2 protein chains.
Amino acid sequence: MNGSIFILKGNIVYSKSQTEFAICEHSYLVCRDGKVDGIYRTLPFRLGGNPIRDFGDCLIIPGMTDLHTHGSQYALRGTGMDRELLEWLETAPFPEEAKFSDVEYAKKAYGIFVEDLKKSPVTRACVFATVHRETVMILMDLLEKSGLETYVGKVNMDRNCPESLREKTALSASETKTWIRQVQERRYRNTHPILTPRFIPACSDELMDCLSRLQKEYRLPVQSHLSENPEEIRWVKELRPDAEFYGEAYDKSGLFGGECKTVMAHCVHSSEEEIQLMKEKGVFVAHCPESNANLASGIAPARRFLDRGLSVGLGSDAAAGTSLNIFAVMRQALQASKLRWRILDKNEKPLTVEEVFYMATKGGGEFFGKAGSFEPGYEFDAVVLDDSRMKSPEQPDIRSCLERLIWLGDEREVREKYVKGVRLEL
Amino acid sequence: MNGSIFILKGNIVYSKSQTEFAICEHSYLVCRDGKVDGIYRTLPFRLGGNPIRDFGDCLIIPGMTDLHTHGSQYALRGTGMDRELLEWLETAPFPEEAKFSDVEYAKKAYGIFVEDLKKSPVTRACVFATVHRETVMILMDLLEKSGLETYVGKVNMDRNCPESLREKTALSASETKTWIRQVQERRYRNTHPILTPRFIPACSDELMDCLSRLQKEYRLPVQSHLSENPEEIRWVKELRPDAEFYGEAYDKSGLFGGECKTVMAHCVHSSEEEIQLMKEKGVFVAHCPESNANLASGIAPARRFLDRGLSVGLGSDAAAGTSLNIFAVMRQALQASKLRWRILDKNEKPLTVEEVFYMATKGGGEFFGKAGSFEPGYEFDAVVLDDSRMKSPEQPDIRSCLERLIWLGDEREVREKYVKGVRLEL
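Residues numbered from 1 in each chain as written. Chains lettered and ligands numbered in written order. Predicted model: local features only at pLDDT ≥ 70, side-chain atom pairs only at ≥ 80, totals over all residues. Heavy atoms only, no water.

Both copies of the chain are related through a single rotation about an axis accompanied by a shift along the same axis. For the pair chain A and chain B, the superposition axis carries a translation of 0.0 Å, the fit reaches an RMSD of 0.0 Å, and the rotation angle comes to 180°. Here the symmetry operator amounts to a two-fold rotation axis. For chain A, the residue whose C-alpha comes nearest the rotation axis is Ile-343 of chain A, separated from it by 3.9 Å. Comparing interface residues between copies, 100% of those in chain A also lie at the interface in chain B; the contact surface is shared. (Least-squares fit on C-alpha atoms with pLDDT ≥ 70 in both. Contact = heavy atoms within 4.5 Å.)

Structure follows, in structure tokens:
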């Protein structure tokens, strides 16, 4: 049996490697049973008769991943960023997240977030919700309906946060277990639970142990924050004297890679030791350059992450990042790396467009498995981009078109999106 | 006689000072004879009967100024920025600018630039063309037709650039004189000539002297580049051993403020001496944070410029900057200042939204005279902004709406623009 086949035609670009594009001009991208079958310059005889959608000069790129964002903070985007992390949390996200105890508010706020995420250039995302189990399910229902592929986390925190968000340790654990079972019952196709201890300052050792047990019981992945801000790091040193460095605190609790698939956002101030441990344990970095500028956190050593062989994806980190436009995150990653090179370390070569594109596609996609590439066997996530808004006196070549999209593109360029072979209604 | 009066109604915001907004909710902004007459919460009886346009909850802000951009590089935007300034000039702008000897190419390329500038959030701009007198006039004709208020420069360069762009010194001067007279003959309403020596490396002392004579004869303002890149600065030291620092080279040629109104782009690496001289001579800074990141130039000390009392506006610097969206330049200025604070100097407090808004409006507007404010007597430049694209579960207050526009806005929010009391056809 041949299975279900359809074909997209256009200028196809994906990452041949971390440093090189594969560019296939006016070619056929074949989807078979939700997976990439292959790319052909001329359609093979055996594939004749299958439905073809011809997008002319449009670019077709692999679906991109937003490896770190907060659905529950989206209403704050573009406001109140005149503070550093810890003070900002107190004045902006915490009061906002407290509102998500209200089902009606959550429906409205998550509705806007999911609508914008659906229109954005990404097909996959790792999303923080809030501590509130009931409204986390609202977010998950909305995301499932959108057709996007996502990991969604019910946030855990049992200390150092306002009363309105603080969970009792045992209740935080039991609510999380109830939530996991509830998710299992829904039998979502695209929406998956991910354990989400907010960060060490907000999670007691006991809570971390409970989450580690749940992790082992349900084999769930984990997302959290790491080494974002100097004050935060000092605080973690006080709170966890057992750990030599921030990442080791997660590791000692069994929530830092290895059997436990883990993504850590930021890593702006990660030491060589921390980077080394991430490498050993296979911990992903969600690089969030816009957020790191907006909260004056600094510039993460993205070049070092790549040199040390870490898995790196990009995160919008709304609402410390302002938008869900992953193209904007790519250009911010380029800019940040250039400034880091100029100001901090001439040994850390600026990132290239090839590298940030890799991060946005295959780099982040790997957290989901075989996603973010058009190599045969990869899940068929594709984004069709129409750059006709960008007028030019002479037609640029395909590589330049992609480069320009990375520097200038947003949701206006997104013409169609496919997730695991299914076209989204935009 | 009352003169010609019309009134805009909406949520009006302008800069009360460099550090404070004036916010006038649902108020009337009165234009009389192309100038701001006043803002009223209740319309005075004597103004009754004049035409009113009510924009509901839209924001109405003063026209913004792009204090530094290159019309002739716009086709390059978003491509080829993997180099530093001097190498980038050789590989991208110089070959592109050479194309502007061709009238047909210039019509096409400048047509796209002017169309996008018209739709952008700015009402005024200082624009670099190329060395080619004939096609500079094409740009000026197009800009005049757009209704925008602009200074446009025929570029001068007689050394250290490709043959295709290099002018003989005497011819550069005579062509500039012919160009100035040609502009005078056209009797433009909104389009003005500005002397434009490219930068010291491309202009011999003799050429600078010729331009200084033209400056005195025609009392023209001047625009150029200053202290953008470390290599460039070293080169200027070699080329102009008579000058203690880069700015002094312009000053010794009589093209650095005083009687000669001057704007210098970048000033990323300006010393205290240079800043002091700019202050004394009233030289404007066109702060171009995006360009400075994209070419790895660094982060200009914007906080120091403000502390020392310099006049500072914002520049998109297309095509080292990627777009003509001055909102994006504002947020890049915020981000750059936060990173500078974090990485370089904890004494240089990050910029605030109030400060970057001031730079974009009154700061840059001052280069044109009384522009960029709604204080009575200012030229009536206004931008009506509709932020309904930015959905929110709860309606933010007016200040937050403006803040969000600064962080997220682009040309999609521009509903109407007025220049000197005339509404532009968008």
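What follows picks up the thread again.
All names here are of chain B. The end-to-end C-alpha distance of helix α13 (residues 353-365), which contains 13 residues, comes to 17 Å, matching closely the 18 Å that a straight helix rising 1.5 Å per residue would cover. By the largest-angle criterion, Met-359 marks the main kink of α13, which is about 45°. When you tally the buried positions in α13, you get 13 out of 13 residues, the bulk of the element. (Helix = DSSP H or I, 4+ residues; strand = E, 2+ residues; numbered from the N terminus. Expected span 1.5 Å × (residues − 1). Bend = angle between axes of the 7 residues up to and from the residue. Buried < 20%, exposed > 50% of the residue type's maximum accessible area, 1.4 Å probe, protein only.)

Another aspect to go through is the sheet that holds strand β6 (residues 122-128) of chain A. Residue and element names in this part refer to chain A. One open sheet holds the 4 strands; their spatial order is β5-β6-β7-β9, and the pairing between them is parallel. With one partner strand each, in any of the chains shown, β5 (64-70) and β9 (191-193) form the two edges of the open sheet. For this sheet the average axis-to-axis angle between neighbouring strands, irrespective of direction, equals 20°. (Pairing = 2+ DSSP bridges. Axes fitted to C-alpha atoms, helices over the stretch in contact; angles between N-to-C directions.)

All names here are of chain B. Among the structural elements, Ala-286 can be located in strand β13 (residues 284-287). When its relative accessible area of 1% is taken as the criterion, Ala-286 is described as buried. Beyond its immediate stretch of four places on either side in the chain, Ala-286 contacts Leu-67, His-68, Val-263, Met-264, Ala-265, His-266 and Gly-313.

A separate point is helix α4 (residues 133-146) of chain A. Residue and element names in this part refer to chain A. For α4, with 14 residues, the first-to-last C-alpha span of 20 Å sits near the 20 Å given by 1.5 Å per residue. Taken residue by residue, α4 has Thr-135, Val-136, Met-137, Ile-138, Leu-139, Met-140, Leu-143 and Ser-146 as its buried positions. Directly beyond the C-terminal end of α4, a positive phi value near 90° is found at Gly-147.

Another point: the domain arrangement of chain A. Much of the literature gives interface size as the accessible area that the parts lose upon coming together. Residues and elements named next belong to chain A. Annotation of chain A at the domain level lists domain 1 (5-62 + 372-423) and domain 2 (64-368). Contact with domain 1, which involves 35 residues of that partner, is made by 30 residues of domain 2. A per-residue breakdown of the area domain 1 buries against domain 2 is headed by Gln-18, Ile-406 and Trp-407, which together make up 27% of the total. At the boundary of domain 1 with domain 2, the tally comes to 5 salt bridges. Its salt-bridge partner being Asp-381, residue Arg-124 comes within 2.5 Å of it at the nearest N-O pair. Between domain 1 and domain 2 we count 18 residue pairs in polar contact (both at pLDDT 80 or more) in total. Mapped by element, the contributors of at least two residues to the side of domain 1 that touches domain 2 are β1 (5-17), β2 (20-32), β4 (52-62), β15 (382-385), α14 (398-408) and β16 (414-419). Among the elements that take part in the side of domain 1 that touches domain 2, α14 stands out by supplying 7 residues, more than any other. A per-class count over the side of domain 1 that touches domain 2 returns 18 nonpolar, 7 polar and 10 charged. (Domains from an automatic or database assignment. Buried area = accessible area lost by both parts, 1.4 Å probe. Salt bridge = Lys/Arg side-chain N within 4 Å of Asp/Glu carboxyl O. Polar contact = N/O pair within 3.5 Å; in protein donor to acceptor, adjacent residues only side chain to side chain. Nonpolar A, V, L, I, M, F, W, Y, C, P; charged D, E, K, R; others polar.)

Another point: the packing of helix α4 (residues 133-146) of chain B against helix α5 (residues 169-186) of chain B. Residues and elements named next belong to chain B. Packing of α4 against α5 brings their axes to within 10 Å, and their N-to-C directions diverge by 30°. Taken together, the axes of α4 and α5 are roughly parallel relative to one another. Every pair of crossing elements has a handedness; the one defined by α4 and α5 is right-handed. Residues Arg-133, Val-136, Met-137, Met-140 and Asp-141 of α4 touch α5, and the partners they reach there are Glu-175, Thr-178, Trp-179, Gln-182, Val-183 and Arg-186. For the contact of α4 with α5, the class distribution of residues is 5 nonpolar, 2 polar and 4 charged. (Parallel < 35°, antiparallel > 145°, perpendicular 65-115°, else oblique. Left-handed = near helix turned anticlockwise from the far one by under 90°.)

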